[in-house]
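Each chain, letter by letter, is given below.
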Amino acid sequence: KNGDVKAMKVLALRILVSSENERGLDKISDNMKKYGELMGKAILHGDRQSLPDLPELSKEKSRFLSPQLTEEERRDTLLNILSYHEFMALRGSTAAKYDEQITLFAVYKQMGLAPTGFSDAEKNIIRERGQKFYDQMEQKRMELGLGPFDNSIPVSAQKAYEMQRQRYLSIVGSLAIE
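Residues numbered from 1 in each chain as written. Predicted model: local features only at pLDDT ≥ 70, side-chain atom pairs only at ≥ 80, totals over all residues. Heavy atoms only, no water.

**Student:** Could you give an account of the environment of T77, naming the residues involved and the relevant values?
**Tutor:** Mapping T77 onto the fold places it in helix 4 (residues 71-90). Between the C-alpha atoms of T77 and F64, which are 13 residues apart in sequence, the distance is 5.8 Å. Among residues more than four places away in sequence, those in contact with T77 are E60, R63, F64 and L69. One polar contact links T77 to R63, side chain to side chain, over a distance of 2.4 Å. (Helix = DSSP H or I, 4+ residues; strand = E, 2+ residues; numbered from the N terminus. Contact = heavy atoms within 4.5 Å. Polar contact = N/O pair within 3.5 Å; in protein donor to acceptor, adjacent residues only side chain to side chain.)

See below:
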């Protein structure tokens, strides 16, 4: 199982690196699509290191920056992005959630697109969408005969995760979604 995941990730990286030598947007786009598919499979097979490369998350981040979006559409897209971060936390990778959100809010602040806060209703939407995506992914795992995700956090890592949580809360403040 771990060998399959490693092979998927190595192949995905080779495709990504080969894109640097490609010419033409179609070929680069095809390679990025293949990369996303392989990373998605690695995540489906249980890899937590690849969670920030979740293809659905990448699509939503690109969509968020589209100048054609209305403010309402942009806000809903942001809620989708944050719901994928919730999925990361549900998978036992709170560090990925925290790091992704710290970076996201910092970048969007520089661009003038950062939110000033979230209502309780919006936070619930984020949590519900994250749980729904988790349930969908786990269902796909079951269909493949892989069983439920292993979301355990080693005891040795729990203190580090709590330190990351405190850092996250101090940096993002009222934007934190717990």
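**Student:** I'd like a description of the packing of aromatic side chains, backed by residues and values.
**Tutor:** Going through the model one piece at a time under the given rule, you end up with 8 aromatic pairs. Ring geometry for Y84 and F133: centres 4.9 Å apart, planes at 90 degrees, overall edge-to-face. Of this pair, Y84 sits in helix 4 while F133 sits in helix 6 (residues 120-143), and the two are 49 residues apart along the sequence. If you follow R74 out to its NZ or CZ, it ends over the ring of F64, 5.6 Å from the centre. (Phe/Tyr/Trp six-rings, centres within 6.5 Å; stacked < 30°, edge-to-face > 60°. Lys NZ or Arg CZ within 6 Å of the ring centre and 35° of its normal.)

**Student:** So what's going on with the pattern of salt bridges? Which residues, and what values?
**Tutor:** One pass over the structure, following the stated rule, counts 7 salt bridges. With a shortest N-O distance of 2.8 Å, R75 and E122 are connected by a salt bridge. Note that R75 is positioned in helix 4 and E122 in helix 6, a separation of 47 residues in sequence. Of the charged contacts, one joins E162 and R165 as a salt bridge, the two residues approaching to 3.0 Å between their closest N and O atoms. Linking E162 with R165, this pair stays in helix 7 (residues 155-172), spanning 3 residues, or about one helical turn. The partly exposed category is assigned to E162, whose relative accessible area is 37%. Overlapping salt bridges, with partners in common, bring together E162, R165 and E178 in one network. (Salt bridge = Lys/Arg side-chain N within 4 Å of Asp/Glu carboxyl O. Buried < 20%, exposed > 50% of the residue type's maximum accessible area, 1.4 Å probe, protein only.)

**Student:** I'd like a rundown of the nonpolar core, residues and numbers included.
**Tutor:** The biggest cluster of nonpolar side chains holds 30 residues, and the ones touching the most others in it are L82, F87 and F118. Those elements giving two or more residues to this core turn out to be helix 2 (25-44), helix 3 (55-64), helix 4, helix 5 (94-110), helix 6 and helix 7. When residues in this core are grouped by element, the largest group, 7 residues, is from helix 4. Leaving out residues up to four positions away in the same chain, F87 has contacts with I43, L51, L54, G130, F133, Y134 and M137. (Core = buried A, V, L, I, M, F, W, Y, C linked by side-chain atoms within 4.5 Å.)

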